[in-house]
Amino acid sequence: MIAEETLVAELKHKDSQARAFEVLVNTYKERLYWHIRRIVLNHDDADDVLQNTFIKVYRNIDGFKGDSKLYSWMYRIATNESLTFLKQKSKKAGISDEELKMSLVENLQSDVYFEGDEIQLKLQKALATLPDKQKLVFTMKYFQEMKYEEISEVLETSVGALKTSYHLAVKKIEAYLKAD
C-alpha cells in the first residue's frame, strides 16, 4: 500500500499520473462504490456515479490541498455526485425527490444485485423517509462504520451536529419500523 502523500504527489506529476491513478482506482473503487450505492441504491446508477467521481478526482487532483485525507476528499466528491445525480434523475422523471427515493426502494426487490432480505428492504424504506443529511450520516456511521471525525471531514459538519443527526435518524427509523 502506497503512502497517501506519495500517491497524491504522483497523481500531480504528469510522468507518474497514469500509474498513480490506476493505484488510486484499485485502492478506493470498492469503498466508494458501496458508499455511492447506499445513496443511489441502483447498481447501474452507482457505476455511473462512481465513474463520474473518478473523472472529477482526476480532473481536480491539482486542486487537492491536503487539508483533509484523500479518501475524505473523494468521499465528498462521491457524495455530491450522488446527490446531484438523484436530483437530476427526479427532475428528468418529473417527480419529487421523495417520490424518486420511494421508487428506488420499490425497485430494489427486482434488482439482481440487491442481496438483502425483507428486513433490509424495510430498513431501506425507512432510510428513504429521512432527510438527505440524516440518511448520509446514518449510512456512513451504521453501514460503513466510519468514525464521527471521518464523517465530519467528508460532510464538513461538526461532530456534535453529526451525533444529533445520527440520533434523530435512529429515532425516525425505529418509529418507522414499529409503525410498519
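Since this is a predicted model, take the numbers as computed values, not measurements.

Participant: Please clarify how the UniProt feature "domain: RNA polymerase sigma factor 70 region 4 type" (unreviewed entry) in the protein should be interpreted in this entry.
Facilitator: Mapped onto this numbering, the UniProt entry gives "domain: RNA polymerase sigma factor 70 region 4 type" (unreviewed entry) at residues 121-173. For residues 121-173, helix accounts for 81% and strand for 0%, while the C-alpha atoms at its two ends are 13 Å apart.

Participant: I keep staring at the domain arrangement of the protein and nothing clicks. Help me out?
Facilitator: Many descriptions give the size of an interface as the accessible area lost when the pieces come together. According to the domain assignment, the protein consists of domain 1 (1-114) and domain 2 (116-180). Summarising the inter-unit geometry, the C-alpha centres of domain 1 and domain 2 are found 19 Å apart. If you look at the interface, domain 1 gives 22 residues, while domain 2 gives 23 residues. Summed over both partners, the interface of domain 1 with domain 2 buries about 2000 Å², with 60% contributed by carbon and sulfur atoms.

Participant: Got a minute to help me understand helix α7 (residues 132-143) in this structure?
Facilitator: Owing to its 3.6 residues per turn, the α-helix brings residues three or four apart onto one side. Here α7 spans 16 Å end to end across twelve residues, near enough to the 16 Å set by a 1.5 Å rise per residue. All buried positions along α7 are accounted for by Gln134, Lys135, Leu136, Val137, Phe138, Thr139 and Met140. Against α2 (17-40), α4 (70-93), α6 (118-128), α8 (148-155) and α9 (159-179) lie the buried residues of α7. A positive backbone phi angle near 50 degrees is found at Glu145, which sits one or two residues after α7.

Participant: Help me understand the nonpolar core in this model?
Facilitator: When a protein is soluble and globular, its nonpolar side chains tend to lie buried together. Counting 52 residues, the largest nonpolar core has Leu24, Leu32, Val40, Leu70, Trp73, Met74 and Leu155 as its most contacted members. Each of two domains, domain 1 (1-114) and domain 2 (116-180), supplies a minimum of three residues to this core. What Trp73 contacts, discounting residues up to four positions off in sequence, is Val57, Asn60, Ile61, Phe64 and Ser68.

Participant: Help me understand the pattern of salt bridges in this model?
Facilitator: Any two side chains of opposite charge can pair, given that their charged atoms come close. This structure, assessed with the given rule, holds seven salt bridges. The salt bridge partner of Glu10 is Arg19, with a shortest N-O separation of 2.7 Å.

Participant: What exactly am I supposed to notice about the packing of aromatic side chains here?
Facilitator: The relation between two aromatic rings is expressed through the spacing of the ring centres and the mutual angle of the planes. This structure, assessed with the given rule, holds ten aromatic pairs. On the basis of an interplanar angle of 15 degrees and a centroid distance of 5.0 Å, the ring pair of Phe138 and Tyr142 is categorised as stacked. Within this pair, Phe138 and its partner Tyr142 are both found in helix α7, separated by four residues, close to a single helical turn. You can call Tyr142 partly exposed: its relative accessible area is 45%. On the numbers, 6.3 Å between centres and 80 degrees between planes, the contact of Tyr148 with Tyr166 is edge-to-face. Separated by 18 residues along the polypeptide, Tyr148 in helix α8 and Tyr166 in helix α9 bring together distant segments of the chain.

Participant: I keep staring at the packing of α2 against helix α3 (residues 43-60) and nothing clicks. Help me out?
Facilitator: Helix-helix packing is characterised by the crossing angle of the two axes and by the distance between the axes. For the pair α2 and α3, interaxial distance at closest approach is 9 Å and the crossing angle is 140 degrees. The pairing of α2 with α3 is recorded here as oblique in orientation. The two elements α2 and α3 cross, and the hand of that crossing is right-handed. Facing α2, whose interface residues are Gln17, Phe21, Leu24, Val25, Tyr28, Lys29, Leu32, Tyr33, Ile36, Arg37 and Val40, α3 presents His43, Asp45, Ala46, Asp47, Val49, Leu50, Thr53, Phe54, Val57 and Tyr58. Of the residues contributing to the contact of α2 with α3, the split by class is 14 nonpolar, three polar and four charged.

Participant: Any chance you could explain the confidence of the model for the protein here in plain terms?
Facilitator: Caution applies to low-pLDDT parts of the model: their predicted coordinates are not meant to be read in detail. Per-chain confidence: the protein averages 89 in pLDDT, with 93% of residues scoring 70 or above. Within the protein, helix α5 (residues 97-108) has the poorest average pLDDT of any element, 78, and α3 the best, 96.

About the cut-offs
- Residues numbered from 1 in each chain as written.
- Predicted model: local features only at pLDDT ≥ 70, side-chain atom pairs only at ≥ 80, totals over all residues.
- Heavy atoms only, no water.
- UniProt positions renumbered as here; feature names shortened; annotations may be inferred.
- Helix = DSSP H or I, 4+ residues; strand = E, 2+ residues; numbered from the N terminus.
- Domains from an automatic or database assignment.
- Contact = heavy atoms within 4.5 Å.
- Buried area = accessible area lost by both parts, 1.4 Å probe.
- Expected span 1.5 Å × (residues − 1).
- Buried < 20%, exposed > 50% of the residue type's maximum accessible area, 1.4 Å probe, protein only.
- Core = buried A, V, L, I, M, F, W, Y, C linked by side-chain atoms within 4.5 Å.
- Salt bridge = Lys/Arg side-chain N within 4 Å of Asp/Glu carboxyl O.
- Phe/Tyr/Trp six-rings, centres within 6.5 Å; stacked < 30°, edge-to-face > 60°.
- Axes fitted to C-alpha atoms, helices over the stretch in contact; angles between N-to-C directions.
- Parallel < 35°, antiparallel > 145°, perpendicular 65-115°, else oblique.
- Left-handed = near helix turned anticlockwise from the far one by under 90°.
- Nonpolar A, V, L, I, M, F, W, Y, C, P; charged D, E, K, R; others polar.
- pLDDT = per-residue confidence, 0-100.

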